[in-house]
Amino acid sequence: MKYKIFMGVLLWISALILHAQKVDKAKLLAIYDRQFEFLDSLLKQQFVDPCVALRDFKANSPLHSRGDDITPSKGCETFFLENQGYLDWYALFEEAVNQKMRANILAVKNQTALQWSSSYYNRTVPYKLYQFIDEDGDFSMVKDRFQTDLSWDLMHCGLLWGKSRIAAHKIDAALTLVDARMNIQSSYIERLSAENVQRYQKALAFLRALRLQNLSLLEQTETVLFENHQSSTDQLLKVTDELFMIEQIQTTDNSLYQSLSGLAYQAIDTIALHTDLFLEAIKSQNNELRKLDLGYNRINVQMEQTSFWSNISVSPFIRFGFYNMVGNQRQGSIDMGVNLRIPLSFEQRKIRKALAAEQKILTTKRDLSYHVFQEEVSSLIQELSQINKRMIYEYHCIQRMRDLLLGRSEAFKTLYGEYSRPDRIREYNRYIVCLESIVQLKYQRNVILIGLQRYLSSEKIDLYIDYIKQN
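Small disclaimer: the values here were computed from a predicted structure and weren't measured.

Visitor: Honestly, the overall build of the protein chain in this entry has me stumped. Any pointers?
Guide: Helix and strand counts for the protein chain come out as 9 helices and 10 strands. Within the protein chain, the proportion of its 471 residues that are buried is 42%. A total of about 26600 Å² of accessible surface is found on the protein chain, and carbon and sulfur atoms cover 55% of it.

Visitor: Please clarify how the nonpolar core should be interpreted in this entry.
Guide: Counting 65 residues, the largest nonpolar core has L263, Y265, F278, I282, V439 and L452 as the members making the most contacts within it. Sorting the residues of this core by element identifies α2 (25–43), α4 (158–227), β7 (268–273), α6 (275–285), α8 (347–412), α9 (421–453) and β10 (465–470) as the ones contributing at least two each. For this core, the element with the most residues is α9, which contributes 13 residues. Non-local contacts of L452, meaning those with residues more than four positions away in its chain, are made with L273, F278, V377, L380 and I461. By size, the runner-up hydrophobic cluster in this structure holds 10 residues, among which are Y90, V97, I105 and A173.

Visitor: What's the story with the environment of K170 in this structure? I'm lost.
Guide: By the element assignment, K170 lies in helix α4. Here the alpha-carbon distance between K170 and I105, two residues 65 residues apart in the chain, equals 8.4 Å.

Visitor: Would you mind going over the packing of aromatic side chains with me for this structure?
Guide: Two measures describe an aromatic ring pair: the distance that separates the ring centres and the angle between the ring planes. Applying the stated criterion to the full structure yields 8 aromatic pairs. Seen in terms of ring centroids, Y200 and Y443 are 4.2 Å apart; in terms of plane orientation they differ by 20°. Their pairing is stacked. Residue Y200 is located in helix α4, and its partner Y443 is located in helix α9; the two are separated by 243 residues in the primary sequence. Members of the aromatic cluster, joined through ring pairs, are Y32, F36 and Y428. The residue whose ring lies beneath R424 is F36, and the NZ or CZ to ring-centre distance is 4.0 Å.

Visitor: I tried to follow a nonpolar patch on the surface on my own but got confused; where do I start?
Guide: Nonpolar side chains collect at one region of the surface, where L114, W116, Y120, F146, L150, W152, I318, F320, F322, I334 and M336 lie side by side and expose about 1200 Å² of accessible area between them. Taken together, the elements giving at least two residues each to the nonpolar patch come down to β3 (114–122), β6 (142–152), β8 (313–325) and β9 (330–341). Given the relative accessible area of 39%, L150 is considered partly exposed.

Visitor: Even after reading the chapter, I still don't get α9, so can you show me in this structure?
Guide: Three- or four-residue spacings in an α-helix give side chains the same orientation, since the helix completes a turn every 3.6 residues. In this model, α9 (33 residues) spans 48 Å end to end at C-alpha, consistent with the 48 Å of a helix rising 1.5 Å per residue. Along α9, 25 of the 33 residues are buried, which leaves the element largely enclosed by surrounding structure.

Visitor: Just checking my understanding: could you explain the pattern of salt bridges for this structure?
Guide: Once their charged atoms are close, side chains differing in charge can pair, the charge on each being opposite to the other. Following the criterion strictly, the structure yields 14 salt bridges and no others. Here D33 ties to R421 by a salt bridge, and the two come within 4.0 Å at their closest N and O atoms. Taken together, the residues D33 in helix α2 and R421 in helix α9 connect sequence positions 388 residues apart. Among the residues examined, D33 registers a relative accessible area of 40% and is labelled partly exposed. Salt-bridge contacts for E427 lead to R408; the nearest nitrogen and oxygen are separated by 1.8 Å. Of the two residues, E427 is situated in helix α9 and R408 in helix α8; the sequence distance between them amounts to 19 residues. For R408, a relative accessible area of 31% translates into the label partly exposed.

Visitor: Please clarify how the side chain of Q147 should be interpreted in this entry.
Guide: Looking at where Q147 falls in the secondary structure, it is placed in strand β6. Other than its neighbours up to four places away in sequence, Q147 contacts S117, S118, S119, R319, F320, G321 and Y323.

Visitor: Looking at this model, I keep getting lost on the packing of α2 against α9. Mind explaining?
Guide: Between two packed helices, both the angle of their axes relative to each other and the distance between the axes serve to describe the pair. For the pair α2 and α9, interaxial distance at closest approach is 11 Å and the crossing angle is 30°. With respect to their mutual orientation, α2 and α9 come out roughly parallel. As for how α2 packs across α9, the hand of that crossing is left-handed. Each of L29, Y32, D33, Q35, F36, L39, D40 and L43 in α2 lies in contact with α9, whose residues at this interface are R421, P422, R424, I425, Y428 and Y431.

Visitor: I tried to follow the environment of Y395 on my own but got confused; where do I start?
Guide: Secondary-structure assignment places Y395 in helix α8. When its relative accessible area of 1% is taken as the criterion, Y395 is described as buried. In this structure, the C-alpha to C-alpha distance between Y395 and L435, residues 40 residues apart in sequence, is 8.4 Å. Ignoring sequence-local partners within four residues, the contact set of Y395 consists of Y265, Q266, A267, I268, I438, Q470 and N471. A distance of 2.7 Å separates the side chain of Y395 from the backbone oxygen of Q266, its partner in a polar contact.

Visitor: Mind showing me how you'd approach the packing of α6 against α8 here?
Guide: Running from N to C, α6 and α8 point in directions that differ by 150°, and their axes come no closer than 11 Å. When you trace α6 past α8, the crossing you get is right-handed. Across from T275, F278, L279, I282 and K283 in α6, the residues of α8 making contact are R366, Y370, F373, Q374, V377 and I381. In terms of residue class, the contact of α6 with α8 is made up of 7 nonpolar, 2 polar and 2 charged.

What counts, and at which threshold
- Residues numbered from 1 in each chain as written.
- Predicted model: local features only at pLDDT ≥ 70, side-chain atom pairs only at ≥ 80, totals over all residues.
- Heavy atoms only, no water.
- Helix = DSSP H or I, 4+ residues; strand = E, 2+ residues; numbered from the N terminus.
- Buried < 20%, exposed > 50% of the residue type's maximum accessible area, 1.4 Å probe, protein only.
- Areas by Shrake-Rupley, 256 points an atom, 1.4 Å probe, with all protein chains shown as cover.
- Core = buried A, V, L, I, M, F, W, Y, C linked by side-chain atoms within 4.5 Å.
- Contact = heavy atoms within 4.5 Å.
- Phe/Tyr/Trp six-rings, centres within 6.5 Å; stacked < 30°, edge-to-face > 60°.
- Lys NZ or Arg CZ within 6 Å of the ring centre and 35° of its normal.
- Patch = residues over 30% accessible without salt bridge, like charges linked within 9 Å, V, L, I, M, F, W, Y side chains within 5 Å.
- Salt bridge = Lys/Arg side-chain N within 4 Å of Asp/Glu carboxyl O.
- Expected span 1.5 Å × (residues − 1).
- Axes fitted to C-alpha atoms, helices over the stretch in contact; angles between N-to-C directions.
- Parallel < 35°, antiparallel > 145°, perpendicular 65-115°, else oblique.
- Left-handed = near helix turned anticlockwise from the far one by under 90°.
- Polar contact = N/O pair within 3.5 Å; in protein donor to acceptor, adjacent residues only side chain to side chain.
- Nonpolar A, V, L, I, M, F, W, Y, C, P; charged D, E, K, R; others polar.

Structure representation (structure tokens):
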């Protein structure tokens, strides 16, 4: 109630101002004629919608791809923003990771498991008081001993267990690169989303600027009619409220309406997604699923390295010894043999069970993630289908309204004041509102496509989409 009283006072003051200014009704009619001429010209020109399809986004073209130098992900490409900084950074990062991997692999291959050792001791106490048994079981009196030997641990050289160690280094490098790709993918999606919002806001700004021009003209007209007691307060309040609401959300200059290319939608396109192929692509290239697969393979390598045989040591050796005996006698010896070491603890079996349980967790998590992806994709596809239907409906409404407005424009040219110009302006605004609905639907459609793009790591969503023209 207070609001209506306030607006009534405001309208009364506005009427006094307009009365004082002696608004020229003929001038107002001339403004209408110029506005109609401008609007009719826009109806005959195609509306270039800034909120274009996702495939036309700058952030989506061109995309760069690189192959991996890593066996588990060989042939899997990834895409980057056209921002050269990201591309250069990843190239350097990938090369550094591969250099580290190659160095680790070379170290494994060069691991000989050969070991050389030497020892020397001197008996400082009187040797006559001590008679002992040496390592060979012989009674001897030794004053000094020098011994050197060379052994080869067959079980821990690069020949037997090097393959699993090399695989572990490759998997570690692949995991590092997957993490980097996930970060770049996240940045790419954010950029797509930001560009989608900017295009949407730009398209709405054009249309709302034009609608504001029309509402401003309606407000002037209703004010003049209200002054002459030809219109009610409610009618003026309705126009003022609508004008106020749009001004609240429209922050751009009203002169934007001059930049409109047209108001005619010649055709729209609907979208059909190849669901089966898209889900297969998710299964094979999604970064989250690939990371789980690499984790599973990493555990396989760990299980190989924690087997019973991996803890056994078999070391052939050759030993040379020199002894300084009692009475200044000297002796030398060359010994050959094999050392066998078998741990008597059996924790490896427990460790393998724990690793197997962790593998089961990863397998379950992967299956669950893919199931969630399927449900999310199904939900997005349903939304896409609804948007397609709404776009077709809105497009047909626009076509009918455009034909109606063009037909009335021809009819109104033969009339001189026998029709309601404000009603005609309102019809144009209803048409513009329908255009805004199309723009909003295209924006929502791009939001869905960007949501689907999140599941892909090496391909564009457009590869799995058909754009179907609707005339």
